[in-house]
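For reference, the chains in residue letters:
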2 protein chains.
Amino acid sequence: GGKMAAWARAVRGLLLDVSGVLYDSGGDGGVPIAGSVEAVRRIKASGLKLRFCTNETQATREKFVKKLQGMGFDISVAEVTAPAPAACRILKERSLRPHLLVHNALVPEFAEIDKANPNCVVIGDAAENFTYANLNEAFRVLIEMEKPVLISLGRGRYYKETDGLKLDVGAYMKALEYACDVQAEVVGKPAKMFFESALAEMGVPPHQAIMIGDDIVNDVGGAQRCGMRALQVRTGKYRPCDENHPHVKPDAYVNNLAEAVDIILQQL
Amino acid sequence: GGKMAAWARAVRGLLLDVSGVLYDSGGDGGVPIAGSVEAVRRIKASGLKLRFCTNETQATREKFVKKLQGMGFDISVAEVTAPAPAACRILKERSLRPHLLVHNALVPEFAEIDKANPNCVVIGDAAENFTYANLNEAFRVLIEMEKPVLISLGRGRYYKETDGLKLDVGAYMKALEYACDVQAEVVGKPAKMFFESALAEMGVPPHQAIMIGDDIVNDVGGAQRCGMRALQVRTGKYRPCDENHPHVKPDAYVNNLAEAVDIILQQL
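Residues numbered from 1 in each chain as written. Chains lettered and ligands numbered in written order. Predicted model: local features only at pLDDT ≥ 70, side-chain atom pairs only at ≥ 80, totals over all residues. Heavy atoms only, no water.

## Here we look at the sheet that holds strand 7 (residues 120-123) of chain B
Residues and elements named next belong to chain B.
No. 1: The four strands lie next to each other as 6-7-8-11, forming an open sheet whose pairing is parallel. Looking along the sheet, the strands with just one partner apiece sit at the ends: strand 6 (98-101) and strand 11 (185-186).
No. 2: Against the sheet, helix 5 (residues 132-143) contacts strand 6, strand 7 and strand 8 (150-152), and its axis sits at roughly 160 degrees relative to strand 6.
No. 3: Helix-sheet contacts for helix 6 (residues 169-180) involve strand 7, strand 8 and strand 11, and the interaxial angle to strand 8 is about 170 degrees. (Pairing = 2+ DSSP bridges. Helix = DSSP H or I, 4+ residues; strand = E, 2+ residues; numbered from the N terminus. Contact = heavy atoms within 4.5 Å. Axes fitted to C-alpha atoms, helices over the stretch in contact; angles between N-to-C directions.)

In C-alpha cells form, the structure reads like this:
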C-alpha cells in the first residue's frame, strides 16, 4: 500500500471488472465474492465515479444487471460498459449490417441494428450456437466480401464453468481469421477504445482512474496501455503464476475488491 | 515446355495430388477430370515411379481408393501417401496415445493405436464432428497436459463442396492453438516430412521427382521446399490469381494432368 499511496491520492474514478471481482459465475447464476457488495456501496458513498467494465456477452446488460441486483449489488444498466453496445455504436457509425454469431440471449442488444444483406460478421461467445453449420455460415458471409470485416466481442481464450473449461470467443475468432486471412477488430477488453469509452462515460481522464480486475492481460494490461493504473485482485481467474507474467505487472495486488477499496479510500 | 525440358529429362518419379488433379469431388462422389484416367495409365506404362500424395482425411485409404477405382483409375492403397497413416507412424514412434477429433469415416485408420488415457490430440477434417462439445473436449484434453501435443492432419483453410464452402481442419487447428498457446505439428502437405516419406516410398531423390497439384501453397510450395520441381494444373481449386502468388511460383503451369504427362513423357 505504501507505494500505492503516491498515485492513489489523485484517483477520481474506478473501473470494476464484474465476473471474478464482484461475483463468481456458475451454473446456478453465481455467488457474490465476500465483501464485494459492501465495497460497491462504499465506493458510491465516497463520491468516486464508478463504472462496471465487463466482457460479458452471454446476456443482455438488462439481464446481467438484474442478476447482480439479485445478489445485493447496487448497480444499474447505465453504469455498465459491455462489448455489445460498443459494437452497436461501431456498426451504426460505419453503416455496417452484421451477420450475428452470438449467444441467443445477446441478440436483443442488436434489436435496433439493420441486419439485412450483411456486410460484416459480429462474433461473441456464442456457446451452444458455435455449431459446424453456424461457423460455416459465418465463414461464407465473410469470404464472399471483397474486404471481410470481422468484429469480435472479446478475445478470451477460455473460461471455467461448473461443468468444466469452455473455449471462449477468441478461439473461434482465430478460426475465422485464419480461414479468411483477415484480422478481427476486437471490441471489449483489452481494446483501447473500450476502456476509453468507459472513461468518457465517467468523465474521468486515464491518469485519475484505477481499473480493478482479475484478468492480468485483459483487465490489467489493457487498462495500463490506456494510461490507467490497474490493480489485480487475487479472486476469480487469478492464478499465482500471473505474478510472473512476462509482459504485464499490475500497479498493486490486493486480496479482493474489499481490500482494494479499503486502501484507496484511506488515501482520499 | 521449352524451359521445362532442361530438368524434366532427369525425372524418375511423379507425385500426384488426387482431388482436383485426378477428379473433382462432390456430393455424389465426384467425377474424373477429362484425360486423367488415361494419364495415370500412361505414367505407369512409361516406367516412371508414381505416388499419389493426398491430404484426404474424410475416408480411410481403402474407401478412397475404391472410389477412384470405380471411376476407372489404376490405383492401389499401397501407392497412396495420406496424413492418417503418417500420423500413426508418429504416434507409434513417440508412444503417443491420441484423443481423436476426426471424421467418423477416418477412425478405422487408427484401429491399431492405443487410445486409452490420451497424451495428445489428433485433429483432422472432422466435418459434422466439429461440434461445440467435441471442440471443448479436445481443448480440455490438451490444456490438462503439462506440454500440450496437437497433431493436425493438414492445415487447409477451406474447401468447396456441392453445397458450398466449408471450413477445413486448419481453421479448427488455429482455434485450439490459440486456446492452448501451442503450435500444432502438421502432418500431410505441405509438411516436409510428408513429402519426404512419399519420396522414400518411391525410392526417388527430390531432384528427380516432380509434384503435380492444383494447390499453389500445399502442393507446389511444399514440394519445392523439399527440393522437388512442381507443376500447377489449371483444374480443381486452381484460380487465375494463383499465378500472382506473392511467395510461390510453380516450375511450370499445365492445363491439366493429361497435358503434364504429354510434356514429361516427351522429354524421356
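On we go.
## Digging into the side chain of Lys-189 of chain A
Residues and elements named next belong to chain A.
No. 1: By secondary structure assignment, the location of Lys-189 is in the loop between strand 11 (185-186) and helix 7 (192-202).
No. 2: Separated by 2.9 Å, the side chain of Lys-189 and the backbone oxygen of Cys-53 make a polar contact.
No. 3: Setting aside anything within four residues of it in sequence, one finds Lys-189 in contact with Asp-17, Cys-53, Thr-54, Asn-55, Gly-154, Phe-194, Phe-195, Met-211, Asn-218 and Asp-219. (Polar contact = N/O pair within 3.5 Å; in protein donor to acceptor, adjacent residues only side chain to side chain.)

## Things to note about the pattern of salt bridges
Residues and elements named next belong to chain A.
No. 1: All chains considered together, the criterion is met by 24 salt bridges over all chains.
No. 2: Residue Arg-229 pairs with Asp-251 through a salt bridge whose shortest N-O separation is 3.3 Å. You can see Arg-229 sitting in strand 13 (residues 229-233) and its partner Asp-251 sitting in the loop between strand 13 and strand 14 (252-254), a full 22 residues away along the chain.
No. 3: Residue Arg-229 is classed as partly exposed on the basis of its relative accessible area of 34%.
No. 4: With relative accessibility at 29%, the residue Asp-251 sits in the partly exposed group.
No. 5: The residue Arg-234 makes a salt bridge to Glu-243 at a minimum N-O spacing of 2.9 Å.
No. 6: Among the charged side chains, a network of salt bridges with common partners joins Asp-17, Lys-189 and Asp-219. (Salt bridge = Lys/Arg side-chain N within 4 Å of Asp/Glu carboxyl O. Buried < 20%, exposed > 50% of the residue type's maximum accessible area, 1.4 Å probe, protein only.)

## Topic: the sheet that holds strand 7 (residues 120-123) of chain A
All names here are of chain A.
No. 1: The strand order 6-7-8-11 describes an open sheet built from four strands, whose pairing is parallel. The outermost strands of the open sheet, each flanked by one partner alone, are strand 6 (98-101) and strand 11.
No. 2: This element, helix 6 (residues 169-180), spans strand 7, strand 8 (150-152) and strand 11 of the sheet and lies at about 170 degrees to strand 8.

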